[in-house]
Amino acid sequence: MAGLKELRTRIEAIKSTKKITSAMKMVAAAGLRRAQGLIGKSSAYYESLLRGAQRVAFDLKQDELTKGITFDVPALLTGTGKDKNYLLIVISSDKGLCGSYNAHVARAAGQRIKELEAEGKAVKLICIGKKARDILKSRYAELIVQSYEGIARKGADFDEAVEILHPILKAFEAGEYDKIEIVSSSFISAISRETKSRPFLPASFPEVVSDEQTMPINMAGDAFYDYEPEKEVLLDGLLIMMVKAQMFNTFVQAQASEQGARMASMDNATRNATDMISKLTLRYNGIRQSAITTELTEIISGAEAI
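What comes next concerns the included structure. (Residues numbered from 1 in each chain as written. Predicted model: local features only at pLDDT ≥ 70, side-chain atom pairs only at ≥ 80, totals over all residues. Heavy atoms only, no water.)

## Here's the deal with the pairing of strand 2 (residues 122–128)
Along any regular strand, the residues point their side chains to alternate faces of the sheet. Threshold: The buried label applies to any residue whose accessible area, calculated with a 1.4 Å probe on protein chains only, is under 20% of its type's maximum; exposed applies above 50%, and partly exposed to all values in between. Every helix listed is a DSSP run of H or I at least four residues long, and every strand listed is a run of E at least two residues long, numbered separately from the N terminus. Strands are labelled as partners when DSSP assigns at least two bridges between them.
Of all 7 residues in strand 2, 5 are buried; the element is thus mostly enclosed. For strand 1 (residues 85–91) and strand 2, the ladder comprises 7 bridges, and the chain directions are parallel. Note that in strand 2 the partner of Leu88 across the bridge is Leu125. Note: strand 2 against strand 3 (residues 144–148), 4 bridges, orientation parallel. By the bridge assignment for strand 3, Leu125 is matched with Ile144.

Encoded structure:
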């Protein structure tokens, strides 16, 4: 029967799709485990650099207060001092099949663009990952100054993050942008992430609090310490390392969010395929049973007529 043949074909097609989605779920799960491992390491590295830069900046301020020494604040901390030109770095994926992950990133970027333009700010975009770029260029094509594809194909890579960051740092230090923000997803769990715009440059960190009456600023525990090279040179170097580590950590967080979203999406697709196969199989068996019953009825009726 045509109906049975169509159902068999459809069931086999859905079974094939289920195998694909199940395999993609396992691949995404493996990628998520790798990214989660990197999150802990990259976050620890960034926090260590942050604390070091905090301490050096604090000691320099104390030198200004106690010794009357004036030092030049690095451009990465001060920026241009203006609040007019903004750069948004939008990080999404190059591939789909990850639920609403890319749509949320594009939506967050679009919302931030509207907020800044309503305040009279000039906005430019750098898109990392083609999915959000493809969504945003329909309305904000004139704002996109650069886009990157194929980043982190085999996992988040520190060198790739630094390579993308170099021209951004040069533009910021040249005063082309007053403030830079990153629009991306921060990983919370395999099924949860936070997508929003976060300040990136000028760099900032909480001030160190120290009791100067009981402990000299160049003392840690029972040991005294000094700086080599000079504090200003050291702070410049630490800030650059800190910004690079922050960029890489953002990449890792975005990749973990993408893999988590893809794993959840493929899991849902696999479950839906299983449910549909069950429903179609039940329908197939019902039609087949009905056909068999009809045939038996016809045979019995024919036998009785003879």
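Next comes the rest of the description.
## Details of the sheet that holds strand 4 (residues 179–189)
Filter applied, for reference: Only the stretch in contact is used when fitting a helix axis, every axis being a line fitted to C-alpha atoms; angles between N-to-C directions are given from 0 to 180 degrees. In this description, contact between two residues means that some pair of their heavy atoms is separated by no more than 4.5 Å.
Strand order in the open sheet formed by 5 strands is 3-2-1-4-5, and the pairing between neighbours is mixed. Looking at which strands have only one partner, the edges of the open sheet turn out to be strand 3 and strand 5 (192–201). Shown here is a sheet whose adjacent strand axes are inclined to one another by a mean of 20°, direction ignored. The strands touched by helix 4 (residues 130–140) within the sheet are strand 1, strand 2 and strand 3, with strand 3 carrying the most contacts at an inclination of about 160°.

## Topic: the nonpolar core
Here is the rule: The set of buried Ala, Val, Leu, Ile, Met, Phe, Trp, Tyr and Cys residues whose side-chain atoms join them within 4.5 Å is what this entry labels a nonpolar core.
Core analysis: the biggest nonpolar cluster contains 70 residues, and Ile89 and Met247 have the highest contact counts within it. Considering every element that reaches this core, the biggest residue donor is helix 6 (residues 231–305), with 14 residues. Those residues in contact with Met247 that lie beyond four places of it in its chain are Ile89, Ile128, Ala161, Ile164, Leu165, Ile182 and Phe200.

## Let's talk about the environment of Leu280
Here Leu280 lies in helix 6. On a C-alpha basis, the gap between Leu280 and Glu258 in space is 32 Å, while along the polypeptide they are 22 residues apart. Excluding residues that lie within four positions of it along the chain, Leu280 makes contacts with Leu7, Arg10, Ile11 and Ile14.

## Quick word on the packing of aromatic side chains
To keep things clear, this is the line we draw: Each aromatic pair joins two rings of Phe, Tyr and Trp (for Trp, the six-membered one) with centres within 6.5 Å, and gets the label stacked for planes under 30 degrees apart, edge-to-face for over 60, and tilted for any other angle.
For the structure shown, the criterion picks out 1 aromatic pair. Between Phe158 and Phe248, the ring centres sit 5.5 Å apart and the planes meet at 70°, which makes this aromatic pair edge-to-face. Residue Phe158 is located in helix 5 (residues 158–173), and its partner Phe248 is located in helix 6; the two are separated by 90 residues in the primary sequence. Judged by its relative accessible area of 10%, Phe248 is buried.

## Comments concerning the pairing of strand 5
When strand 4 meets strand 5, the two strands line up antiparallel, connected through 9 bridges. Paired with Phe187 across the bridge in strand 5 is Arg193. In sequence, strand 4 turns back onto strand 5 through a hairpin of 2 residues.

## A short note on the packing of helix 3 (residues 101–118) against helix 4
Selection criterion: Note: crossing handedness is left-handed where the near helix turns anticlockwise from the far helix by less than a right angle, and right-handed where it turns clockwise.
It is the contact of helix 3 with helix 4, at a shortest axis distance of 8 Å, that shows an interaxial angle of 35°. Between helix 3 and helix 4 the crossing geometry is right-handed. Only Lys131, Ala132, Ile135, Leu136, Arg139 and Tyr140 of helix 4 make contact with helix 3, whose side of the interface consists of Asn102, Ala103, Val105, Ala106, Ala109, Gly110, Ile113 and Lys114.

## Some points on unusual backbone geometry
That bond from Leu201 to Pro202 is cis: its omega, 0°, falls within 30 degrees of zero. Structurally, Pro202 can be placed in the loop between strand 5 and strand 6 (219–220). Although it is not a glycine, Leu97 sits at a positive phi angle of roughly 55°. Positionally, Leu97 belongs in the loop between strand 1 and helix 3.

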